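A structural walkthrough
Residue strings, one per chain:
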Amino acid sequence: MLTERIIRDARPRASPHIIWDARVKGLGLKVSPKGSRTYVIDYRTGGRQRRATIGRPSEISLADARRRAADELDAIRNGGADPLERKRASREAPTVKDALDRYFDEHVLLRVAHGRMTSKTVANYRSWAKHVYEGLGRHKVADVDRRHVERMVAGLPHTTRNRALSFTRSLFNVFEQWELRPRHSNPVYAIERSVEYPRDRVLTSDELASLAEALTEAEGRYPAAVAAIRLTAVTGLRIGEVLGIEWRDVDLETGRLVITTSKTGRRVHHLPVPALDLLRRLPRINAWCFTSGRDAGLTYRHALVVFKQAATAAGLSDIRLHDLRRGVMTRAAAAGASAHIIKDLLGHSTLEAATRYVRQMGAPVREARERVATEIAGAMGAL
C-alpha cells in the first residue's frame, strides 16, 4: 500500500516502474528512470486498457490523489468520459484567438454578404477586437470567466470600455452558438458598464457661418468632400449614408432618396430644397454622387480629414462631424417637432434619442421653462 514514506523514498530504476496502492484499486505511483514521480490510474473503457496521470506528489497529497482516483474510476464505471479523451479535447479546444479569427473569417463575412453588416461596422469590430486579442487571446474559449474580461477592460476609457464589453458579449454569444461554451455562460453579462454622458455639442449660427467659410476655402481642393459635409449639415443624414449615395438612389424631381447603406436598414428620405440644389450642382463622374474620380465613392476617412481641417481653420477644434447631425435634431426639437417626427426625420430605430432632444429643446418645454421662471421670479420680487 502507498504511504507518504514509500512515496518519498521511492528510488528510480533502469526502466519506469509503478508502486500500486492497496486502498484504491487502480491507483499507483509511477517512478521514471530520472526519478520523477506521478500518480496514475489504470482503467478499461471501450474494451481498451488505458492509463492516465492525475497529478504529482509535489502538487497533491496522497489523500487527495486517492479521492481524485476514486472519483475518476467511479465515473468511468458509470459511463463517464475517458480522462485521456477529456485531456485531448482540452488540448485541442480553440483559444479565444483561434475562435476570433474564425469569427471574422466566417460569421462577419456571412453577415456582410447578407447585407446585415457594413464595412464601417467591420472596421469598428476589428478595433475593439484588439482588446480581446491582447486580453483573452491565449485563453481557451471554454475557460474564460468574468475575471478575465474585467482584467481585459481595466483602465480603458469609459466609452472604449463599454464598446469593448458590448463586442465581447456578442462575440461569446456566437461562441455559444458554435457550442464552444455551454449555453447561457456568457462571461460579460454580469459586468457593469461605465457611465457615459451623451454628447450635446451643437454649433451656433455664428459657428456654422465660420465653418461654412472654411469649407468654401477648402472647396477648390476637396470639392466632393466639402459637398458631402454640406449635405450632412442640411439634412442630418449620417456621413456614412451620404457617402454611400449613388445617382440611381436619387430622384431630383421629387426629392426622394433611397438610403441603402444605413445602420438602421433601407429607408426612404425626402430631401429638402437646399440639398437638392447641392446635388444638382455636382458633376456626374461615375455611379456615386460623392467621388474623387475613381470608380468608387469617397471614404469616411477622407471626409473626416477634410472636416477636421475646416473646423481647425474656423477655430472650432472641439467639434465633430456628427455634431452637424445633432444640430438638425436640436433645431427640429426647438421648432416644436415631436419625437416621432425627429425619429423619422433622421432615421433612428427607436424614439430614445429623439425624445431626449424634444425634452431638452422642444418648444412646449421651452415655453414651460419661461413661464415657471417668470412666475417664480415675480414671487421673489426679482422683476
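Fair warning: this is a prediction, and the values are worked out from it, not measured in the lab.

The subject of this paragraph is helix 4 (residues 96-113). Between its first and last C-alpha, helix 4 extends 24 Å over 18 residues, near the 26 Å set by a 1.5 Å rise per residue. The largest bend along helix 4 reaches roughly 35° and is located at Y103. Every buried residue belonging to helix 4 is among V96, A99, L100, Y103, F104 and V108, and all of these are buried. At its buried positions, helix 4 is contacted by helix 5 (119-136) and helix 7 (158-177).

A few words on the sheet that holds strand 6 (residues 256-259). Reading across the sheet, the 3 strands line up as 5-6-7 and stay open at both edges, with antiparallel pairing between neighbours. Taken across any chain shown, the strands that pair with only one partner, and hence form the sheet edges, are strand 5 (250-251) and strand 7 (267-270). The pairing of strand 6 with strand 7 spans 4 bridges and is antiparallel. From the neighbouring strand, L257 faces strand 7, where its bridge partner is H269.

Moving on: the side chain of E241. Along the chain, E241 falls in helix 10 (residues 239-243). Looking at E241, its side chain comes within polar contact range of the side chain of R238, at 2.6 Å.

Another point: the sheet that holds strand 1 (residues 17-20). With antiparallel pairing, 4 strands are arranged side by side in an open sheet as 1-2-3-4. Every other strand in the sheet has two partners, leaving strand 1 and strand 4 (48-55) as the edge strands with one partner each. Adjacent strand axes in the sheet meet at a mean angle of 35° when their direction is disregarded. For strand 3 (residues 37-45) and strand 4, the ladder comprises 7 bridges, and the chain directions are antiparallel. Bridge pairing links T45 to R48 in strand 4. On the sheet, helix 2 (residues 62-77) packs against strand 2 (27-31), strand 3 and strand 4 and is oriented at approximately 15° with respect to strand 3.

Let us look at unusual backbone geometry. Here the phi dihedral of E179 falls at roughly 65°; this positive angle occurs in a residue that is not glycine. For E179, the position within the fold is in the loop between helix 7 and helix 8 (205-218). Assessed through its relative accessible area of 71%, E179 is described here as exposed. Positive phi values are uncommon outside glycine, yet H184 reaches one of about 60°. Position of H184 relative to the elements: it lies in the loop between helix 7 and helix 8.

A word on the nonpolar core. The biggest cluster of nonpolar side chains holds 41 residues, and the ones touching the most others in it are L211, V250, L279, L282, C289, F290 and F307. Breaking this core down by element, the ones donating at least two residues are helix 8, helix 9 (223-235), helix 10, strand 6, helix 11 (273-280) and helix 12 (300-313). Per-element tally for this core: the top contributor is helix 9, with 7 residues. Discounting chain neighbours no more than four positions away, the residues touching L279 are W247, V250, L252, L271, C289 and F290. Counting 27 residues, the second-largest nonpolar core is a separate cluster that includes F104, V108, Y125 and M152.

Now for the pattern of salt bridges. Scanning all chains against the criterion turns up 14 salt bridges. In this structure, the salt-bridge partner of R8 is D9, at a minimum N-O distance of 3.7 Å. Its relative accessible area of 54% is what places R8 among the exposed residues. Judged by relative accessible area, D9 falls into the partly exposed class, the value being 34%.

A few words now on the packing of aromatic side chains. Enumeration over the complete set of coordinates arrives at 7 aromatic pairs. With a centroid separation of 5.4 Å and 85° between ring planes, the pair formed by Y103 and F104 is classed as edge-to-face. In this structure, Y103 and F104 share a single accessibility class: buried. With a centroid separation of 5.1 Å and 70° between ring planes, the pair formed by F172 and F175 is classed as edge-to-face. Of the two residues, F172 and F175 both sit in helix 7, 3 residues apart, roughly one turn of that helix. You can call F172 buried: its relative accessible area is 0%. On the basis of relative accessible area, F175 is assigned to the buried category, the value being 0%. Linked through ring pairs, Y103, F104, Y125, W128 and F167 together constitute an aromatic cluster. The ring of F104 carries R126 above its face, with NZ or CZ at 4.2 Å from the centroid. Its guanidinium or amino end placed over the ring of W247, R284 lies 4.2 Å from that ring's centre, counting from NZ or CZ.

Reading guide: rules and limits
- Counting starts from 1 at the beginning of each chain's written sequence and moves along it residue by residue.
- Since the coordinates come from a predicted model, pLDDT governs what is reported: local features require at least 70, and pairs of side-chain atoms require 80 or more to be given and counted, while whole-chain, interface and lining totals use all residues.
- Calculation of side-chain values draws on the structure's entire complement of heavy atoms; hydrogens and water are dropped beforehand.
- Helix numbers and strand numbers start at the N terminus; a helix is a DSSP run of H or I with at least 4 residues, a strand a run of E with at least 2.
- Take the number of residues in a helix, subtract one, and multiply by 1.5 Å to get its expected span.
- The bend reported for a residue corresponds to the angle between axes fitted to the seven residues ending at that residue and the seven starting there.
- Throughout this description, buried means an accessible area under 20% of the type-specific maximum (1.4 Å probe, protein chains only), exposed means over 50%, and partly exposed covers the range between.
- Working rule for contacts: check all heavy atoms of both residues, and any pair within 4.5 Å makes them a contact.
- Should DSSP find at least two bridges between two strands, the strands are regarded as paired.
- Counted as a polar contact is a pair of N or O atoms within 3.5 Å, where, for protein atoms, one must be capable of donating a hydrogen and the other of accepting one, and residues adjacent in sequence contribute only when both atoms are in side chains.
- To get an axis, a line is fitted to the C-alpha atoms, and for a helix only the part in contact is used. The angle between two axes follows their N-to-C directions and goes from 0 to 180 degrees.
- By convention a nonpolar core is built from buried Ala, Val, Leu, Ile, Met, Phe, Trp, Tyr and Cys residues, the set being connected through side-chain atoms within 4.5 Å.
- In what follows, salt bridge is the name for a side-chain nitrogen of Lys or Arg lying within 4 Å of a carboxyl oxygen of Asp or Glu.
- Stacked, edge-to-face and tilted are the three classes for Phe, Tyr and Trp ring pairs, Trp counted by its six-membered ring, which pair at centre distances within 6.5 Å; planes under 30 degrees apart are stacked, over 60 edge-to-face, the rest tilted.
- For a ring to carry a charge above it, either NZ of a lysine or CZ of an arginine must fall within 6 Å of the ring centroid while also lying within 35 degrees of the normal to the ring plane.

By themselves, these are just geometric observations and shouldn't be taken as functional.
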